[in-house]
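# Observations on chain architecture
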Amino acid sequence: MGEAKTIAIIGGGASGLAAAVAAGEALRDAEGAAAGTGATERDAEVTAARVVVYEASDRVGRSILATGNGRCNFSNARPGDGDYRNAAFVERALLEFEGQAHWRVPSRAKTSTAYPNGVLGFFSDHGLMWREEGEGRLYPLANKATSVLDCLRAACAAAGVEERVECEIAAVEPPRAEGSPFTLRLADGRFERAGAVIVAVGGAIARGLLPEGVPFREPEPTLGPLATEPRWPRRLDNIRVRGALELWRPDSRGMDGRALNDGGFPMGTHEGERLVSREVGEVMFRKYGVSGIAAFNLSRLVEPGDVLAVDFVPWVRLCDMEAFLNRRRKLLRASLGRDVTWSDMLRGMVLSPVADVLLEAAALDGAHLVAKGETVRMATFLKGLRLPVTGLGDVRQCQVHRGGVSVRAVDDRTCEVRRVPGLYVVGEALDVDAACGGFNLHWAWASGLLAGWSAAERIADLASLADASGSSGSERREGAPCSNSIEAQGSSRVAGGNLCTSMNCARTPSRHSEPARRNKRGRA
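Residues numbered from 1 in each chain as written. Predicted model: local features only at pLDDT ≥ 70, side-chain atom pairs only at ≥ 80, totals over all residues. Heavy atoms only, no water.

## Topic: the overall build of the protein chain
Of regular secondary structure, the protein chain possesses 14 helices and 19 strands. Within the protein chain, buried positions represent 52% of all 524 residues. Carbon and sulfur atoms make up 50% of the accessible area of the protein chain, which totals about 23900 Å². (Helix = DSSP H or I, 4+ residues; strand = E, 2+ residues; numbered from the N terminus. Buried < 20%, exposed > 50% of the residue type's maximum accessible area, 1.4 Å probe, protein only. Areas by Shrake-Rupley, 256 points an atom, 1.4 Å probe, with all protein chains shown as cover.)

## Focus: helix α4 (residues 87–104)
The terminal C-alpha atoms of α4, which comprises 18 residues, lie 25 Å apart, in line with the 26 Å expected from a rise of 1.5 Å per residue. All buried positions along α4 are accounted for by Phe89, Val90, Ala93, Leu94, Glu96, Phe97, Gly99, Gln100, Ala101 and Arg104. (Expected span 1.5 Å × (residues − 1).)

## Description of the side chain of Asp344
Relative to the helices and strands, Asp344 is located in helix α11 (residues 342–346). A polar contact of 3.0 Å, which involves the side chain of Asp344, links it to the backbone nitrogen of Thr341. In this view, Asp344 contacts Arg328, Leu332, Leu336, Arg338 and Asp339; residues no more than four positions away in its chain are not counted. (Polar contact = N/O pair within 3.5 Å; in protein donor to acceptor, adjacent residues only side chain to side chain. Contact = heavy atoms within 4.5 Å.)

## Brief notes about the sheet that holds strand β9 (residues 191–194)
In space, the three strands of this open sheet follow the order β7-β8-β9, with antiparallel pairing throughout. Whereas interior strands pair on both sides, the edge strands pair on one side only; in this sheet they are β7 (169–173) and β9. Averaged over neighbouring strand pairs, the angle between their axes works out to 25° when direction is ignored. As judged from the four bridges shared by β7 and strand β8 (residues 182–186), these two strands associate in the antiparallel manner. From the neighbouring strand, Ile169 faces β8, where its bridge partner is Leu186. (Pairing = 2+ DSSP bridges. Axes fitted to C-alpha atoms, helices over the stretch in contact; angles between N-to-C directions.)

## A look at the packing of aromatic side chains
One pair of aromatic rings is described through two measures. These are the centre distance and the angle between the planes. This model, assessed by the stated rule, comprises seven aromatic pairs. When the centroid spacing of 5.8 Å and the interplanar angle of 5° are considered together, the rings of Phe97 and Trp453 count as stacked. Residue Phe97 is found in helix α4, and its partner Trp453 is found in helix α14 (residues 439–470); the two are separated by 356 residues along the sequence. Each member of the pair, Phe97 as well as Trp453, is classed as buried. (Phe/Tyr/Trp six-rings, centres within 6.5 Å; stacked < 30°, edge-to-face > 60°.)

## Let's talk about the sheet that holds strand β19 (residues 423–425)
One open sheet holds the five strands; their spatial order is β6-β2-β1-β10-β19, and the pairing between them is parallel. If you trace the sheet from one side to the other, it starts and ends with β6 (162–165) and β19, each paired once. Averaged over all neighbouring strand pairs, the angle between strand axes comes to 20°, with direction disregarded. Direction of pairing for strand β1 (residues 6–10) relative to strand β10 (residues 196–199): parallel, over a ladder of four bridges.

## Regarding the packing of helix α10 (residues 318–336) against helix α13 (residues 374–382)
Each pair of packed helices can be summarised by the angle the axes make with each other and by the distance between the axes. Direction vectors running N to C along α10 and α13 enclose 125°, while the axes themselves pass 9 Å from each other. It follows from the interaxial angle that α10 and α13 lie oblique. Between α10 and α13 lies a crossing whose hand is right-handed. Where α10 abuts α13, its residues Leu318, Met321, Glu322, Leu325 and Asn326 lie against Thr375, Val376, Met378, Ala379 and Leu382. Along the lines of polarity and charge, the residues of the contact of α10 with α13 split into seven nonpolar, two polar and one charged. (Parallel < 35°, antiparallel > 145°, perpendicular 65-115°, else oblique. Left-handed = near helix turned anticlockwise from the far one by under 90°. Nonpolar A, V, L, I, M, F, W, Y, C, P; charged D, E, K, R; others polar.)

## Things to note about the packing of helix α12 (residues 352–361) against α13
Where α12 contacts α13, the two axes come as close as 9 Å, and the packing angle between them is 125°. When the axes of α12 and α13 are compared, the pair comes out oblique. The handedness of the crossing between α12 and α13 is right-handed. Two secondary-structure elements touch here, α12 through Leu358, Leu359 and Ala361 and α13 through Met378, Phe381 and Leu382. A class-by-class count of the residues in the contact of α12 with α13 yields six nonpolar, no polar and no charged.

## Here we look at helix α6 (residues 145–158)
With 14 residues, α6 ought to run about 20 Å at 1.5 Å a step, and its terminal C-alpha atoms sit 20 Å apart, in line with that. Within α6 the residues assigned to the buried category are Ala145, Ser147, Val148, Leu149, Cys151, Leu152, Ala155 and Cys156.

## Concerning the confidence of the model for the protein chain
The predicted model of the protein chain averages 85 in pLDDT, with 83% of residues at 70 or higher. Across residues 472–524 the pLDDT falls below 50, and counting only partners more than four positions away or on other chains, this stretch makes 88 contacts in the model. (pLDDT = per-residue confidence, 0-100.)

See the structure below:
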């Protein structure tokens, strides 16, 4: 088979290394099975297939080392809570992944059955230990991203995966004929061949890398800090608060009474606006706006004209805030033995710089006594200091890119491009992204493993079909069924003509392409 035996993985990040391990182990296990059953010469050739990772930088896994501030939030205990973009596609793909992982992970020791999903089973089988933090975030027990990368690289080495660093692939050219290999055009002008290609370049994917006709959206950064009108953030630069962020959008219909009541908003508030989303968590003010996990998650939803509202007391509803402040004033009056000023009211509730901003925003003087009716005004700003959004903040801090290959072009059972059999796209190179919390990496691992398993099957199929073609030993006239066709073998006729199983026959559809392929679970 020669070049057709190579599985080329473009990109040595999370999804690329997961795909490499999956493909390498599948081929290694096939080799072991062949050896145990008296393999033929053709079997030996099939199992000698290679898995090669092409990485443009000087080492694989750099993107993994940068995640989670170097700690690597590698997954989440509740992966279904990720609020994925193109959620229906992701749900189907993850369901397929779990079905395959049930019998593929692990290949030998059955230790993964104790874990709730295939990603955790995969990492457990390769030696990683982890711990759970708030909101289901999972981190390696060693608290360093290097431990995740070390486990992946050790698995790659054990499976015979080759690493080609400082080797940038500029373009992938599809096979010129059925059964022919892909051509990989390198940035330095050289080229290589492969029987299957897995594109795992993350958000750096460029349209020119892919064959013509693959639906594509230009990637743009997201999941990052938000830039806002800077008047208040500039004065609060580098201050962190544990609060909540709300994203409000102009809407002539506003919110109905029930929605206002459910959200704890008094009637008459937020007229002409609609609450898009609310995120509770750490908020960090920057000169240009706000950062932190809450801002990162809202950045995926923001549109021009939206307004952020910073809630400094998220445990109290807006409709209860006036009563809360009045009770606080009575308590402080009894404690201090005198009337209470606004500085007294805010001291101990928020930091001094935050109090100064709130007082100025509410047009109140901290040295003045709290007057009747003023608590309503302050309640509004404590529950929603408004910051009009102007766009993304520092794009260098964005954790993912939105865009890439359209999921409509990809089989959710394999991550294979439907119109280019043998070409797979995984991880962030697909138009899929999720909220903070380990969900994006969970998708990277799962999609990479799914594609790696499928690519290994394809290489085996190519070998067996090539063997069948080579053993036919006879010429056939144009238009007649070849010796490998279903009709020639006496099987039922398929729609559209005689389905030839020879990869050298122009009529032959890919086993993995629609509608011919059915997976092991029997779903068409």
